[in-house]
Amino acid sequence: MLASPRIARTALAAHFRSNVVNRFTFLTNDPERGALSLLYAATQDVPGNSYVGPDGLGGLRGHPAVRRQGKAGLDEVMAGRLWDVTADLVGAVTR
(Lines give C-alpha, C1' and ligand atoms only; values in the text may rest on other atoms or scores of the structure.)
Protein backbone atom coordinates (compact mmCIF):
# COMPACT_ATOMS: atom_id res chain seq x y z
CA MET A 1 0.00 0.00 0.00
CA LEU A 2 1.13 3.51 -0.72
CA ALA A 3 -0.03 6.65 1.05
CA SER A 4 0.79 10.22 0.15
CA PRO A 5 -0.17 13.65 1.48
CA ARG A 6 0.69 14.99 -1.97
CA ILE A 7 1.93 18.53 -1.24
CA ALA A 8 1.55 19.89 2.27
CA ARG A 9 2.43 23.43 3.34
CA THR A 10 5.24 22.70 5.77
CA ALA A 11 8.67 24.04 6.62
CA LEU A 12 10.09 21.33 4.33
CA ALA A 13 8.04 22.65 1.41
CA ALA A 14 9.32 26.15 2.18
CA HIS A 15 12.78 25.07 0.99
CA PHE A 16 11.61 25.01 -2.62
CA ARG A 17 12.75 27.89 -4.78
CA SER A 18 11.04 31.15 -3.75
CA ASN A 19 8.84 29.21 -1.30
CA VAL A 20 6.53 28.77 -4.31
CA VAL A 21 4.86 25.65 -2.87
CA ASN A 22 3.48 27.48 0.14
CA ARG A 23 2.15 30.31 -2.03
CA PHE A 24 -0.28 28.08 -3.93
CA THR A 25 -2.59 27.31 -1.03
CA PHE A 26 -5.43 26.30 -3.37
CA LEU A 27 -3.30 23.35 -4.61
CA THR A 28 -1.88 22.22 -1.28
CA ASN A 29 -2.95 20.75 2.03
CA ASP A 30 -2.24 22.27 5.40
CA PRO A 31 0.02 19.98 7.48
CA GLU A 32 -2.89 18.52 9.46
CA ARG A 33 -4.89 17.54 6.38
CA GLY A 34 -1.72 16.33 4.66
CA ALA A 35 -1.20 13.84 7.50
CA LEU A 36 -4.71 12.40 7.14
CA SER A 37 -3.89 10.13 4.18
CA LEU A 38 -1.01 8.56 6.10
CA LEU A 39 -3.09 8.14 9.25
CA TYR A 40 -5.99 6.69 7.26
CA ALA A 41 -3.72 4.15 5.57
CA ALA A 42 -2.22 3.14 8.92
CA THR A 43 -5.48 2.77 10.83
CA GLN A 44 -8.16 1.66 8.37
CA ASP A 45 -8.80 -1.65 6.62
CA VAL A 46 -7.37 -0.75 3.23
CA PRO A 47 -7.03 -3.44 0.52
CA GLY A 48 -3.52 -4.49 -0.43
CA ASN A 49 -1.91 -2.77 -3.41
CA SER A 50 -3.97 0.35 -2.82
CA TYR A 51 -3.06 4.00 -2.97
CA VAL A 52 -4.44 6.36 -0.33
CA GLY A 53 -4.30 10.03 -1.21
CA PRO A 54 -6.32 13.23 -1.29
CA ASP A 55 -9.72 13.03 -2.97
CA GLY A 56 -9.73 16.51 -4.50
CA LEU A 57 -9.14 17.76 -8.03
CA GLY A 58 -6.19 15.90 -9.51
CA GLY A 59 -5.60 14.19 -6.18
CA LEU A 60 -3.64 17.22 -5.02
CA ARG A 61 -5.55 18.14 -1.89
CA GLY A 62 -8.51 17.05 0.15
CA HIS A 63 -9.50 14.31 2.51
CA PRO A 64 -8.09 10.78 2.22
CA ALA A 65 -9.60 8.30 -0.18
CA VAL A 66 -8.60 4.90 -1.49
CA ARG A 67 -7.63 5.56 -5.07
CA ARG A 68 -7.15 3.33 -8.10
CA GLN A 69 -4.08 1.14 -7.92
CA GLY A 70 -1.29 1.84 -10.35
CA LYS A 71 -0.20 -0.62 -13.05
CA ALA A 72 3.31 -0.67 -11.61
CA GLY A 73 1.84 -1.98 -8.37
CA LEU A 74 0.69 -5.12 -10.18
CA ASP A 75 4.20 -6.09 -11.30
CA GLU A 76 5.01 -9.06 -9.04
CA VAL A 77 8.63 -9.32 -10.19
CA MET A 78 9.29 -5.67 -9.37
CA ALA A 79 7.48 -6.06 -6.03
CA GLY A 80 9.79 -8.95 -5.14
CA ARG A 81 12.88 -6.97 -6.07
CA LEU A 82 11.69 -3.99 -4.02
CA TRP A 83 11.06 -6.27 -1.03
CA ASP A 84 14.55 -7.79 -1.28
CA VAL A 85 16.32 -4.43 -1.63
CA THR A 86 14.35 -2.98 1.28
CA ALA A 87 15.13 -6.01 3.45
CA ASP A 88 18.84 -5.62 2.64
CA LEU A 89 18.78 -1.93 3.51
CA VAL A 90 17.11 -2.44 6.88
CA GLY A 91 19.04 -5.62 7.70
CA ALA A 92 16.02 -7.91 7.66
CA VAL A 93 15.93 -11.51 6.48
CA THR A 94 15.08 -11.72 2.77
CA ARG A 95 12.24 -13.87 1.54
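This text goes with the structure placed above it.
Structure report, in brief. In this text the structure is predicted, and so the values were computed from the model without any measurement. (Residues numbered from 1 in each chain as written. Predicted model: local features only at pLDDT ≥ 70, side-chain atom pairs only at ≥ 80, totals over all residues. Heavy atoms only, no water.)

So, on to the overall build of the chain. Looking only at helices and strands, one finds three helices and three strands in the chain. Counted from the first residue to the last, the chain has its helices and strands arranged as β-α-α-β-β-α. A buried classification covers 22% of the 95 residues belonging to the chain. For the chain, the proportion of contacts with a sequence separation of at least 24, taken over those separated by at least 6, is 44%. For the chain, the accessible surface area stands at approximately 7100 Å², while carbon and sulfur atoms represent 60% of it. (Helix = DSSP H or I, 4+ residues; strand = E, 2+ residues; numbered from the N terminus. Buried < 20%, exposed > 50% of the residue type's maximum accessible area, 1.4 Å probe, protein only. Contact = heavy atoms within 4.5 Å. Areas by Shrake-Rupley, 256 points an atom, 1.4 Å probe, with all protein chains shown as cover.)

Another point: the pairing of strand β2 (residues 51-54). Along any regular strand the residues' side chains alternate between the sheet's two faces. Pairing analysis gives two bridges linking strand β1 (residues 2-3) to β2, with the strands arranged parallel. Note on β2: the bridge partner recorded for Ala3 is Val52. Sheet topology note: the β2/strand β3 (residues 64-67) ladder contains four bridges and is antiparallel. Paired with Tyr51 across the two strands is Arg67, which belongs to β3. (Pairing = 2+ DSSP bridges.)

Pairing is mixed across the open sheet formed by three strands, whose spatial order is β1-β2-β3. Strand pairing shows two members of the sheet lacking a second neighbour, β1 and β3, which therefore form its edges. Each of β1, β2 and β3 touches helix α2 (residues 31-43); the most contacted strand, β2, lies at about 150° to it. (Axes fitted to C-alpha atoms, helices over the stretch in contact; angles between N-to-C directions.)

Another aspect to go through is α2. When the terminal C-alpha atoms of α2 are compared, their 18 Å separation across 13 residues agrees well with the 18 Å that a helix rising 1.5 Å per residue should span. Where α2 bends most, at Ser37, the angle is about 30°. Residues of α2 that are buried: Gly34, Ser37 and Ala41. Residues of α2 that are buried in the fold lie against β1, β2 and β3. (Expected span 1.5 Å × (residues − 1). Bend = angle between axes of the 7 residues up to and from the residue.)

With 15 residues, helix α3 (residues 76-90) should cover 21 Å at 1.5 Å per step; its first-to-last C-alpha distance of 21 Å lies within 8% of that length. For α3, the side-chain oxygen to backbone nitrogen distance between the N-cap and Val77 is 3.1 Å, and the N-cap itself is Asp75. The positive-phi residue at the C-terminal boundary of α3 is Gly91, with phi of around 80°. (Polar contact = N/O pair within 3.5 Å; in protein donor to acceptor, adjacent residues only side chain to side chain.)

Here we take up the environment of Arg6. Position of Arg6 among the secondary structure elements: in the loop between β1 and α1 (20-23). Residue Arg6 is classed as partly exposed on the basis of its relative accessible area of 41%. Between the C-alpha atom of Arg6 and that of Pro54, which follows or precedes it by 48 residues, the distance is 7.3 Å. When residues no more than four places from it in sequence are discounted, the contact partners of Arg6 are Tyr51, Pro54, Gly58, Gly59 and Leu60. Here Gly59 takes part through its backbone oxygen, which lies 3.5 Å from a polar atom of the side chain of Arg6.

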